[in-house]
Structures are given as structure tokens and as C-alpha cells.
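Take a look at the letters that make up each chain.
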Amino acid sequence: IPVGGAPCSSGDKVRRTRVFSSCRWSSAPSLPTSFLHSSKMSEVENTFRKFAIYGDTSASGNDMTGKNFSKMCKECGVMDGKAVTSTDIDIVFNKVKTKGARTITFAEFQQAMKELCGKRFKGKSPEEALQAVYDLIEGKEPGSVGATKATKVGGVERLTDTSKYTGSHKERFDESGKGKGLAGRQDLTDNSGYVGAYKGAGTYDQEH
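Residues numbered from 1 in each chain as written. Predicted model: local features only at pLDDT ≥ 70, side-chain atom pairs only at ≥ 80, totals over all residues. Heavy atoms only, no water.

A. Expanded view of the nonpolar core. Core analysis: the largest hydrophobic core is formed by 31 residues, its most contacted members being M64, F69, C73, F109, M113, L116 and I137. In contact with L116, not counting residues within four places along its chain, are F69, C73, V78, V84, D88, I89 and V92. (Core = buried A, V, L, I, M, F, W, Y, C linked by side-chain atoms within 4.5 Å. Buried < 20%, exposed > 50% of the residue type's maximum accessible area, 1.4 Å probe, protein only. Contact = heavy atoms within 4.5 Å.)

So, in C-alpha cells, the structure goes:
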């Protein structure tokens, strides 16, 4: 805007343009999408490797069996039993793997996720659906999701508490709850008498 009604010179316009440009350039750059993508993929690949070696200590982690692929999809929530079923998982696994192979690589795994994400997250764009699937997988470990913990039920706990046993059952366990073995099931006699083949030492005075 001209100051005091004086017209702006071309030099003033150039200076203002440079100031404006320098302010615009000095703003903080946003984090590249490619960086975020590579960081997430690194976490997804770590999860892939953990599931790939599950149950096989000799596995390299570079490829995954159909069984472990199904386990991973189930435990991470990619397979929900409704939108994506176990049949869908098997079909996609056989579709992306190399012909004649029994395992898939991480690259083939990524292709499988692209096949499944549209079914799992209907209504989302392909990019959003794939991102949502990777969010489910990221940071997971075998057995960390969906594992059933053993719990003690009241009825079962009472049945296994030896301190509450009565009658002949009570005689089969000592005070600590440890089984006595044969001694707890039969009346054993002392065969240590000084007469050969004599049984029942120490019982004479009790009977007479």
C-alpha cells in the first residue's frame, strides 16, 4: 500500500516480494510422507519376521508358511471372521506365492495385504485401507493377541484342593498335598522282624 499517497517504485515491489518469499521459505518443512511410510513398513516387516519364525527355530524370517500367515492375520485382526475369513486368507496366500513354493516373501506378503485390505475395510480408499491394515499389524508379536489365559474355576479349584479331601482319599496325600504313592493306597506291614519270613513286627502286644 503506498505510504502518504506516494506511488510504489519497482524497487519497493521487488524488496517486498523478496521479504515475503523469505518468510514463506523459512516455515518448518513437513515430514515427508515417504519417511513415515518407510518407518511404518519397518515395523510391519519386524512383525512379519517374528511370525515367520514362530514355531521353527531354524527359520530365517525371510519367508512365511501358510500356517503362520493365517496365524498372523488372525491374531492381528486382519481376519475378523466376517469381512475376511480363513478361506479368504488361504485364497490370497496361494494367489501371491510363487508357483510351487510353500512360503511367501515379505514382498509377496505386502501384495497379499493389498488384496485383503479392500475386503477388511470396505468404503475406504485403497491407500486408507492398506494403512488401516498395517496399523493392525504394526508392533504385534505371536501370541500377544488373542491368547487364552488359563483361569481357575471355583468348582475345579475345590476338586484339586487336597486339604478338603475326606475318608480314604485324604490318606493318599501328606500335609503339603503331595501324593504318598503306594503307601497312601494300601495298608503296608512292617516285615523287619528278627525271625525269618516273620511279618507284622510289633503287633503282638497290641493283639494280646
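B. Inspection of the packing of aromatic side chains at higher detail. Within this structure, the stated rule accounts for 5 aromatic pairs. Both rings, one in F48 and one in F106, keep their centres 5.3 Å apart while their planes meet at 65°; by these two values the pair is edge-to-face. Taken together, the residues F48 in helix α2 (residues 33-52) and F106 in helix α5 (residues 106-120) connect sequence positions 58 residues apart. F48 sits in the buried class, given a relative accessible area of 1%. With relative accessibility at 12%, the residue F106 sits in the buried group. Aromatic side chains F106 and F109 sit 5.8 Å apart centroid to centroid with 20° between the ring planes, which places their arrangement in the stacked category. Of this pair, F106 and F109 both sit in helix α5, 3 residues apart, roughly one helical turn. (Phe/Tyr/Trp six-rings, centres within 6.5 Å; stacked < 30°, edge-to-face > 60°. Helix = DSSP H or I, 4+ residues; strand = E, 2+ residues; numbered from the N terminus.)

C. Summary view of the confidence of the model for the protein. A residue-level look at the protein finds 50% of positions with pLDDT of 70 or above and a mean pLDDT of 74. Mean pLDDT across the elements of the protein ranges from a minimum in helix α1 (residues 10-25), with 47, to a maximum in helix α4 (residues 86-96), with 97. A low-confidence stretch, residues 17-36 stays under pLDDT 50, and its non-local contacts, those more than four residues away or across chains, total 1 contact. Low pLDDT, under 50, characterises residues 144-152; the predicted model gives this stretch 4 contacts beyond four residues in sequence or across chains. (pLDDT = per-residue confidence, 0-100.)

D. Quick peek at the environment of K67. Of note, K67 is situated in helix α3 (residues 66-76). In the structure, K67 is positioned 16 residues away from F51 in sequence and 10.0 Å away in space, judged by C-alpha atoms.

E. Representation of α4. Taken as a whole, α4 has its buried residues at D88, I89, V92, F93 and V96. Along the axis of α4, the buried positions cluster into a sector of 130°, meaning they face one direction only. Looking at α4, the residues exposed on the side facing more than 90 degrees away from the buried face are I91 and K95. Taken together, the buried residues of α4 touch β1 (63-65), α3, β2 (103-105) and α5. (Arc of directions from axis to C-beta.)

F. A look at the pattern of salt bridges. Going through the model one piece at a time under the given rule, you end up with 5 salt bridges. Across the pair K50 and E141 runs a salt bridge whose closest N-O atoms are separated by 3.1 Å. Taken together, the residues span a long stretch of sequence, with K50 in helix α2 and E141 in the loop between α6 (126-137) and α7 (154-159) at a distance of 91 residues. Given a relative accessible area of 36%, K50 falls into the partly exposed group. Given the relative accessible area of 41%, E141 is considered partly exposed. A salt bridge links D80 to R120; the nearest nitrogen and oxygen atoms lie 3.9 Å apart. Taken together, the positions of D80 in the loop between α3 and α4 and R120 in helix α5 put the pair 40 residues apart, joining distant regions of the chain. On the accessibility criterion, D80 (32% relative accessible area) is partly exposed. (Salt bridge = Lys/Arg side-chain N within 4 Å of Asp/Glu carboxyl O.)

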